[in-house]
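Spelled out, the chains give:
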Amino acid sequence: MPKKWKTLDTKQIFGNKFFGFREDKVLSPKTDNTHPVWVVDAPTWINIIPITKEQKVIMTKQYRFGSQEVSLETPGGMVDAGEDALSAAIRELKEETGYGSDEVHEIGKISPNPALMSNDTYIYVAYNVEKIGDQQLDNMEDIEVLEIDLDKIPNLITNGEIDHSLVISAFYLLDQFEK
């Protein structure tokens, strides 16, 4: 059975308030050999699935630098220093879409990529969301807000229109939460 590897040394290679990149020297419990490994440190993230009374999901479209494509997603973002994940989810929903809800539930926690990344993503659902104001975007955000029928989401995932793994995971967790 695999065992936890021991970290012998850590060297920060790069870091800012959004991401860090480090090299760890680790010891294999199986072979007693040491190896370098590289880890991306990132803050905790959230994703929230906002659903209206009419069973429409409030989705966002925005350009993503990694894929160099516009991506169809649920609202999401980073948990700020000193902020809990629930507060971040409510804040991101309002900032990115102008919507809000008094019915927000945590439905899961996932590791975005445990092979390379150190962070977690908390997933929320918000029911009976309503427009409560305007978007409050920062100067790096250009987000289009859409309403999509909840029952169309599985097909959008299957046909690749929704291809963001954290969003797909969120809809899986929503399906399990509602069962």
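Engineer: I keep staring at the side chain of Glu-96 and nothing clicks. Help me out?
Structural biologist: Relative to the elements of secondary structure, Glu-96 occurs in helix H1 (residues 85–97). One buried charged residue, Glu-96, remains without a salt bridge, the closest side chain of opposite sign being Arg-64 at 5.8 Å. What Glu-96 contacts, discounting residues up to four positions off in sequence, is Thr-60, Gln-62, Pro-75, Gly-76, Gln-135, Leu-137, Glu-141, Ile-143 and Val-145.

Engineer: Please explain the sheet that holds strand E3 (residues 34–41) as it appears in this structure.
Structural biologist: Strand pairing in a sheet takes place through backbone hydrogen bonds and is either antiparallel or parallel in direction. Taken together, the three strands give an open sheet; going across it, the order is E1-E2-E3, and neighbouring strands pair in antiparallel fashion. Among the strands making up the open sheet, the edge pair consists of strand E1 (6–15) and E3. Strand-to-strand, the axes of this sheet are offset by a mean angle of 20°, without reference to chain direction. Across eight bridges, the pairing between E1 and strand E2 (residues 20–27) is antiparallel. Following the sheet pairing, Lys-11 is matched in E2 by Glu-23.

Engineer: Just checking my understanding: could you explain unusual backbone geometry for this structure?
Structural biologist: With the exception of glycine, most residues fall at negative phi, and the peptide bonds are largely trans. For Gln-55, which is not glycine, the phi torsion reads 65° and is therefore positive. Note on placement: Gln-55 falls in the loop between strand E4 (45–51) and strand E5 (56–64). On the accessibility criterion, Gln-55 (41% relative accessible area) is partly exposed. Of note, the phi angle at Gln-68 is positive, near 60°, even though the residue is not glycine. Among the structural elements, Gln-68 can be located in the loop between E5 and strand E6 (69–73). The class of Gln-68 is exposed, set by a relative accessible area of 57%.

Parameters at a glance
Residues numbered from 1 in each chain as written. Predicted model: local features only at pLDDT ≥ 70, side-chain atom pairs only at ≥ 80, totals over all residues. Heavy atoms only, no water. Helix = DSSP H or I, 4+ residues; strand = E, 2+ residues; numbered from the N terminus. Buried < 20%, exposed > 50% of the residue type's maximum accessible area, 1.4 Å probe, protein only. Lys, Arg positive; Asp, Glu negative; His and termini not counted. Salt bridge = Lys/Arg side-chain N within 4 Å of Asp/Glu carboxyl O. Contact = heavy atoms within 4.5 Å. Pairing = 2+ DSSP bridges. Axes fitted to C-alpha atoms, helices over the stretch in contact; angles between N-to-C directions.

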